[in-house]
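# An overview of the molecular structure
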Amino acid sequence: MSASSQSAPSETVVAAAEVPSKMKAWVYDEYGDADVLRLDEGMETLLSISPSSSSALLKLPSILFPPNRRRACALIWNSCRPLLTSSLRMAASSQSAPSETIVAGVPSTMKAWVYDEYGDADVLRLDEGVSVPGIKEDQVLVKVVAAALNPVDFKRRQGKFKATDSPLPTIPGYDVAGIVVKVGSQVKNLKEGDEVYGDINEKALDKPKQFGSLAEYTAVEEKLLAIKPKTLDFPLAAGLPLAIETAYEGLEKAGFSAGKSLLVLGGAGGVGSLVIQLAKHVYGASRIAATSSTGKLELLKSLGADLAIDYTKENFEELPEKFDVVYDAVGQGERANKAVKEGGVVVVLTGPVSPPGFRFVVTSDGAVLVKLNPYLECGKIKALNDPKAMAESC
Ligand SMILES: NC(=O)c1ccc[n+]([C@@H]2O[C@H](COP(=O)([O-])OP(=O)(O)OC[C@H]3O[C@@H](n4cnc5c(N)ncnc54)[C@H](OP(=O)(O)O)[C@@H]3O)[C@@H](O)[C@H]2O)c1
């Protein structure tokens, strides 16, 4: 401890080594309703305490200093009005304030969903004492507001990618939307307070991060993130990255371009629904057909499909019409090859593949999100979340 303030009164000024000179604090400069509150990111850290007591001397402007962490979380998260994933909703109602660095705003431990062995969903447990991950020079620490799960998460949990996985225990979750709370020394564009989203694993199957997004905090390379579209709330944004980047990369790899025709297998799914929209609004497809179950045929049309095929009643490969590109998000590679034109291409995400089909594994890239953000912000491309699958509001 050392005395660092020039204006120190008669009390001892505490400036422990881990206490930074500046801090974030909720502040009001005048009395009034809740909207007088503002988050000040450059408050001087000056906790002057009497040697004989643990009370803090609070100087003007008055700091609304949370009496415990539960209140702090509620304040910050309510300011974003997020719908939280269940783990985070539980975090928001946590009663305890363990050994955390409250001044810096980032605790040393957090809550996270974890599994210690591969298996079914019941291997998942909520761990309340996970260390908040450190960041590398090119990374930022994101305070998670919403996280999303993809099929790769459950396949990984089942041990299907064991050979190339990072070591157990694992915090699952590729997709995240949240707020930057710390930046590494080589980070160029992002700063604290930025609202971001992205897929935190550059290579989906090659050593995906041990500490995923189903946690209160996650560490991510800057290049994998983009500023969240203003028109999307956090849960809608969190549902997008892996799916839209897969949709885009597949169309790029297939050489899709204006005037070409497309058949999407699994058009109502996370990836398929975005393939339809990208093909229509970004690439200028001449014609789009897509398959789904009966109840989702109207959805396919609303997304931009000219022909909606009910896979429970029709075999798409028996249609007389053939397509320049078939995008298979179901695992029907052999049948897909029968629906493509001579010289055409079949993109296969899962299951068996043979020429002219090819399979690829998505690479996360924040630049793709940056490129597509204008389409998301103006509503040409819509993020779809199933309301039944959403956690209730905080
Ligand atoms: N290679 C990669 O890099 C990569 C990246 C992302 C995803 N994937 C894989 O791609 C697949 C799709 O991912 P996703 O995120 O889009 O999954 P998802 O959101 O769970 O969507 C699955 C969709 O498949 C549809 N479906 C099921 N059987 C079908 C059939 N016979 N014909 C047509 N549609 C059918 C369902 O439609 P209904 O509800 O109408 O039945 C559902 O909408 C998964 O296997 C995933 O692992 C691979």
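Data block above holds the structure.
First, a word on what this report is: a plain description of the structure on this page. Bear in mind that the values here come from a model prediction, so they are computed numbers and not experimental data.

This part is about the overall build of the chain. What the chain contains, in helices and strands, is nine helices and 18 strands. Here the chain holds 394 residues, and 40% of them are scored as buried. The contacts in the chain between residues at least 6 apart in sequence include a share of 65% that link residues at least 24 apart.

Near the ligand there are 24 residues, and of these P151, G269, G270, S293 and V362 occur at the shortest range. When contributions to the shell around the ligand are tallied by element, the ones reaching two or more residues are α3 (151–157), α5 (241–253), α6 (270–283) and β14 (287–292). Element by element, the count of residues in the shell around the ligand is highest for α6, at three residues. Residue assignment places the shell around the ligand across two domains, with domain 2 (80–234) and domain 3 (244–364 + 373–377) each supplying three or more.

What follows covers the packing of α5 against helix α9 (residues 366–377). Remark: α5 packs on α9, axes separated minimally by 10 Å, with the N-to-C direction vectors making an angle of 90 degrees. Accordingly, the angle class assigned to the pair α5 and α9 is roughly perpendicular. Every residue of α9 that contacts α5 at P241, I244, E245 and Y248 is listed here: V368, L369 and L372.

With that out of the way, let us pick up the sheet that holds strand β16 (residues 323–328). Pairing in this open sheet of six strands is parallel, and the strands run β15-β14-β13-β16-β17-β18 from one edge to the other. Lying at the two open borders of the sheet, with one neighbouring strand each, are β15 (307–310) and β18 (357–359). In this sheet, neighbouring strand axes are inclined to one another by 20 degrees on average, regardless of whether the strands run parallel or antiparallel. The sheet contact formed by β16 and strand β17 (residues 340–348) spans five bridges and is parallel. In the sheet register, F323 faces β17, and the bridge partner there is V340. Taken strand by strand, α6 contacts β13 (261–265), β14 and β16, and its axis lies near 170 degrees from that of β14.

Residue L168 is joined to P169 through a cis peptide bond whose omega torsion reads -5 degrees. By the element assignment, P169 lies in the loop between α3 and β9 (175–183). The omega angle of the peptide bond from P355 to P356 is 5 degrees, so this bond is cis rather than trans. Non-glycine residue K207 carries a positive phi angle of around 50 degrees. Within the secondary structure, K207 is located in the loop between β10 (195–199) and β11 (217–221).

The strand order across the open sheet formed by five strands is β11-β8-β9-β10-β12, and the pairing between neighbours is antiparallel. Each of the sheet's edge strands pairs with one partner strand only, and the pair in question is β11 and β12 (225–227). Pairs of neighbouring strands in the sheet enclose a mean axial angle of 45 degrees, with direction left out of account. Sheet topology places β9 next to β10; five bridges connect them, and they run antiparallel. Within the sheet, the bridge partner assigned to G178 lies in β10 and is V196. Each of β9 and β10 is contacted by α5, which is oriented at about 55 degrees to β10, the strand it contacts most.

A few words on α9. With twelve residues, α9 should cover 16 Å at 1.5 Å per step; its first-to-last C-alpha distance of 16 Å lies within 8% of that length. Turning to α9, its buried residues number three or more, namely G366, V368, L369, L372 and L376. For α9, the arc enclosing every buried residue in end-on projection is 120 degrees, short of the 170-degree limit, so these residues lie on one face. More than 90 degrees from the buried face of α9, the exposed residues found are A367 and P374. Contacts from the buried residues of α9 go to β10, β12 and α5. Backbone geometry just after α9 places G379 at a positive phi near 85 degrees.

Let us now look at the environment of I381. Position of I381 among the secondary structure elements: in the segment after α9. With 107 residues separating them along the chain, I381 and L274 place their C-alpha atoms 7.7 Å apart. Apart from the residues within four sequence positions on either side, I381 is in contact with Q277, L278, H281, L372, Y375 and L376.

Moving on to the environment of P133. Assignment of secondary structure puts P133 in the loop between β7 (125–131) and β8 (139–148). Exposure remark for P133: the 19 C-beta atoms within 10 Å place this residue in the partly exposed category. Setting aside its immediate chain neighbours within four residues, P133 contacts F211, Y217, T218 and A219.

For the rest of this paragraph, the subject is α6. One turn of an α-helix holds 3.6 residues; hence residues three or four places apart share an orientation. In this model α6 runs 19 Å from its N-terminal to its C-terminal C-alpha over 14 residues, within 8% of the 20 Å that 1.5 Å per residue would give. Within α6, ten of the 14 residues are buried, which leaves it mostly tucked inside the rest of the structure. Every buried residue of α6 is listed here: G270, V271, G272, S273, L274, V275, I276, Q277, L278 and A279. Elements in contact with the buried residues of α6: α5, β13, β14, α7 (297–303) and β16.

The contact between α5 and α6 brings their axes to 8 Å, and the two run at 55 degrees. With respect to α6, the element α5 is oriented oblique. α6 is crossed by α5, and the crossing has right-handed handedness. On α6, the residues touching A243, I244, T246, A247, Y248, G250 and L251 of α5 are G270, V271, L274, V275, L278, A279 and Y283. Considering only residue class, the contact of α5 with α6 consists of eleven nonpolar, three polar and no charged.

Analysis parameters
- Residues numbered from 1 in each chain as written.
- Predicted model: local features only at pLDDT ≥ 70, side-chain atom pairs only at ≥ 80, totals over all residues.
- Helix = DSSP H or I, 4+ residues; strand = E, 2+ residues; numbered from the N terminus.
- Buried ≥ 20, exposed ≤ 12 C-beta atoms within 10 Å, placed from the backbone.
- Contact = placed C-beta atoms within 7 Å.
- Near = placed C-beta within 6 Å.
- Domains from an automatic or database assignment.
- Axes fitted to C-alpha atoms, helices over the stretch in contact; angles between N-to-C directions.
- Parallel < 35°, antiparallel > 145°, perpendicular 65-115°, else oblique.
- Pairing = 2+ DSSP bridges.
- Expected span 1.5 Å × (residues − 1).
- Arc of directions from axis to C-beta.
- Left-handed = near helix turned anticlockwise from the far one by under 90°.
- Nonpolar A, V, L, I, M, F, W, Y, C, P; charged D, E, K, R; others polar.

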